[in-house]
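Okay, here's what each chain looks like letter by letter:
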Amino acid sequence: MKRFDYSRPASVAEALAAWQPGSAWLGGGTNLVDLMKTGAVMPDRLIDLAGIPGLEDIEVSDDGSARIGALVRNSDLAHDPAFAAAFPMVAEAILAGASGQLRNAATVGGNLMQRTRCAYFTDPSSACNKRVPGSGCAAVGGVNGTHAVLGWSDSCIATNPSDFAVPLAALGAVVSVEGSDGRREIPFSEFHRLPGKTPEIDTALDPGELIVGLRLPAGAAAFRGHSRYLKLRDRTSYAFALVSAAAALRMEGDTIAEARLALGAVAAKPWRAAEAEALLAGQSPSPELFTRAAEAATGGATPSGDNDHKIELARRIAARALTLAAAGTPARMPALPASVHGDNAHA
Amino acid sequence: MSLSISLTVNGDRCDVDLDDPRVTLLDLLRERMALPGTKKGCDRGQCGACTVLVNGRRINSCLTLAVTLNGAEVTTIEGLAAGEDLHPVQTAFIEHDGFQCGYCTPGQIMSAVGLIAEGQAGDDAERIREGMSGNLCRCSAYHGITEAVQDAARRMASADERKSA
Ligand SMILES: Cc1cc2nc3c(=O)[nH]c(=O)nc-3n(C[C@H](O)[C@H](O)[C@H](O)COP(=O)(O)OP(=O)(O)OC[C@H]3O[C@@H](n4cnc5c(N)ncnc54)[C@H](O)[C@@H]3O)c2cc1C
Ligand code: SF4
Ligand code: FES
Ligand code: FES
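Please read all numbers here as calculations on a predicted model, not as lab measurements.

Asks: How would you sum up the pattern of salt bridges? Please name residues and give values.
Replies: Enumeration over the complete set of coordinates arrives at 31 salt bridges over all chains. Salt-bridge contacts for Glu258 of chain A lead to Arg260 of chain A; the nearest nitrogen and oxygen are separated by 3.0 Å. Here Glu258 of chain A falls in the partly exposed class, since its relative accessible area comes to 26%. Owing to a relative accessible area of 15%, Arg260 of chain A belongs among the buried residues under this scheme. With a closest N to O distance of 2.6 Å, Arg155 of chain B and Glu95 of chain B form a salt bridge. In this pair, Arg155 of chain B sits in helix α5 (residues 142-164) while Glu95 of chain B sits in helix α2 (residues 88-95), placing the two residues 60 residues apart along the sequence. Its relative accessible area of 29% is what places Arg155 of chain B among the partly exposed residues. According to the relative accessible area criterion, Glu95 of chain B is exposed, its value standing at 52%. Salt bridges sharing common partners tie together Lys37 of chain A together with Asp27, Lys40 and Asp43 of chain B.

Asks: I'd love a proper account of the side chain of Glu92 of chain A, names of residues and values included.
Replies: Residues and elements named next belong to chain A. By the element assignment, Glu92 lies in helix α5 (residues 88-95). For Glu92, a relative accessible area of 3% corresponds to the buried category. At 2.9 Å, the side chain of Glu92 and the backbone nitrogen of Tyr229 are in polar contact.

Asks: Lay out the sheet that holds strand β11 (residues 255-264) of chain A in plain terms, naming residues and giving numbers.
Replies: Residue and element names in this part refer to chain A. Strands sit in the order β9-β10-β11-β12 across an open sheet of 4 strands; the sheet is antiparallel. Two strands close off the open sheet at either side, each with one partner strand: β9 (227-232) and β12 (271-272). As paired strands, strand β10 (residues 243-252) and β11 are joined by 9 bridges and run antiparallel to one another. Considered in β11, the bridge of Arg250 is made with Glu258. Of the strands in this sheet, β9 and β10 touch α5, which is tilted by about 20° from β9. With respect to the sheet, helix α13 (residues 309-327) is in contact with β9, β10 and β11, its orientation differing from that of β10 by roughly 30°.

Asks: Got a sec to walk through the interface of chain A and chain B? Specific residues and values, please.
Replies: With 39 residues of chain A at the interface, the matching set in chain B holds 33 residues. Interface of chain A and chain B: buried area, both sides summed, is about 3100 Å²; carbon and sulfur atoms make up 49% of it. If you look at where chain A meets chain B, you find 4 salt bridges. Of the charged contacts in the structure, one is a salt bridge between Asp20 of chain B and Arg3 of chain A, with a shortest N-O distance of 3.4 Å. Linking chain A to chain B there are 21 residue pairs in polar contact (both at pLDDT 80 or more). Listed by contribution, the elements that provide at least two residues to the side of chain A that touches chain B are β1 (5-7), α2 (32-38), β3 (45-48), α3 (74-78) and α6 (100-105) of chain A. Top element by residues in the side of chain A that touches chain B is α6 of chain A. It accounts for 5 residues. A class-by-class count of the residues in the side of chain A that touches chain B yields 14 nonpolar, 14 polar and 11 charged.

Asks: Outline the sheet that holds β3 of chain A, listing residues and values.
Replies: Residue and element names in this part refer to chain A. Spatial ordering of the open sheet is given by β1-β3-β2, a layout of 3 strands whose pairing is parallel. One side of each edge strand has no neighbouring strand; the edge strands of this open sheet are β1 and β2 (23-26). Across the sheet, the mean angle from the axis of one strand to that of its neighbour is 25°, orientation sign disregarded. In this sheet, β3 lies alongside β1 in parallel orientation, the contact comprising 3 bridges. Of the residues in β3, the one forming a bridge with Ser7 is Ile47.

Asks: How would you summarise the packing of aromatic side chains if you had to cite specific residues and measurements?
Replies: Residues and elements named next belong to chain A. Under the criterion given, the structure shown has 2 aromatic pairs over all chains. A ring pair is formed by Phe83 and Phe87, whose centres lie 5.0 Å apart and whose planes are at 45°; its orientation type is tilted. Each member of the pair, Phe83 as well as Phe87, carries the same accessibility label: buried. With 6.4 Å between their ring centres and 25° between their planes, Phe188 and Phe191 make a pair best called stacked. Within this pair, Phe188 and its partner Phe191 are both found in helix α10 (residues 188-191), separated by 3 residues, close to a single helical turn. In this structure Phe191 comes out as buried when scored by relative accessible area, which is 0%.

Criteria and thresholds
- Residues numbered from 1 in each chain as written.
- Chains lettered and ligands numbered in written order.
- Predicted model: local features only at pLDDT ≥ 70, side-chain atom pairs only at ≥ 80, totals over all residues.
- Heavy atoms only, no water.
- Salt bridge = Lys/Arg side-chain N within 4 Å of Asp/Glu carboxyl O.
- Buried < 20%, exposed > 50% of the residue type's maximum accessible area, 1.4 Å probe, protein only.
- Helix = DSSP H or I, 4+ residues; strand = E, 2+ residues; numbered from the N terminus.
- Polar contact = N/O pair within 3.5 Å; in protein donor to acceptor, adjacent residues only side chain to side chain.
- Pairing = 2+ DSSP bridges.
- Contact = heavy atoms within 4.5 Å.
- Axes fitted to C-alpha atoms, helices over the stretch in contact; angles between N-to-C directions.
- Buried area = accessible area lost by both parts, 1.4 Å probe.
- Nonpolar A, V, L, I, M, F, W, Y, C, P; charged D, E, K, R; others polar.
- Phe/Tyr/Trp six-rings, centres within 6.5 Å; stacked < 30°, edge-to-face > 60°.

The analysis is restricted to geometry; functional conclusions fall outside its scope.
Rendered as structure tokens:
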């Protein structure tokens, strides 16, 4: 690991003033310290955010909105009773990710900013346009069974690995950021970027800007009764998603008044399926409808390598998540993540 | 750059001068505090062998920079027993054969203590397996581990009830 300077500012203003090119914000460190160990990232200076007060609140409001501070730990958010009741699929997604230990350390801001798990990105001896722009992409023609099937480019075929980000995309979250020019809000759909010709830029955050919080808009809790996050992976727990889906329905009687659907681990950003959502609105739930919605959600998907199986898996997980969402959020949430034994998990 | 921190490890207050901010909590414990009970498996957050409690919560000490822990309270496997009296989770691991080689065991035990304190799994075997999935066991002693955590969770719950009665 390259040597670095360390500072622990006591306010957002102090943190922003401490930033200079080559600095990195330190949240829980579960992604950053790991990548510093391999040498994939080599910051000159770590600015530890943990000493900043006021970024650890979770507020759920009566209008179905919520505000979450950037330093809230992943486990605290998932287990906050009011939050988990209003946004069960967000809690389910957080708890489907990483492990109990990692979730205790990981912050909301760090989770949204976590880097891809592409193995060539992690390994400094491999060509990687995301790590070293212009160096090439070792994953193209390499080991790429888990890489993107949507939105990829010839310069990068990596996926965004976050589970948490998938239901946030579906619910239209907004990221609050602060920089030396003040605060601004970034809609979730614009927060993570597709690679195009500049895969080194993961997000819409400008250098020196900081995530201070996250907002779920009014009405987001209206989906609470019919929402699920499902994740497929190589083992039952403690593995990144091969594909995942967040599905939420606002039911009026037997009719879907409004639908939300996003896919995870298929692209460099959580993939909100607007076309599928439009097709579901006003309809009654049925297997045929959910199959059509899943087709629409994966429209335009193409393998970026040895990964065409992911397209079929994504279709099936989308249809399954919609089916389970229609059946209703289970009484005991979070349900066991993707367990073969848990009640309802594979109903 | 020299960084001084002060933290409590297993109840003892320690002042530490860090000549290098790269030191992880795991290396601090093992290499500089003569507490080798906490194990290094992967050093990348992937195995759980390095699990300790920080301020009562389980975390991976291999991904935690020591310099971030000024004022923290750390508990390692060495600090769990009260003198000769083993912690109920330690007793249960022995009674249920929750190990073979023992390398993952300190991490398993610390993780189980953290899991039970979180109060989400109770004595439900499947929720315990899920809650313990951040701890790998190369000897695959998972059956005994699950039974041990179930048993310890039950015993600690009934001890709590007796206390509050
Ligand atoms: C073994 C293992 C398994 C995992 N499995 C999963 C999984 O299944 N699903 C999943 O979703 N995740 C998984 N993770 C990833 C985990 O969720 C992330 O490491 C974690 O969420 C990152 O949060 P952090 O606070 O520790 O971030 P850090 O490591 O501190 O930071 C990560 C990045 O975010 C930046 N950053 C941090 N805070 C801010 C802020 N407020 N504003 C701007 N930038 C910021 C940092 O500079 C850094 O670039 C796994 C990790 C490990 C090690
Ligand atoms: S897929 Fe992207 S992250 Fe992976 S090697 Fe290619 S450029 Fe790097
Ligand atoms: S040594 Fe820390 S998780 Fe493996
Ligand atoms: S007992 Fe040997 S690794 Fe778990």
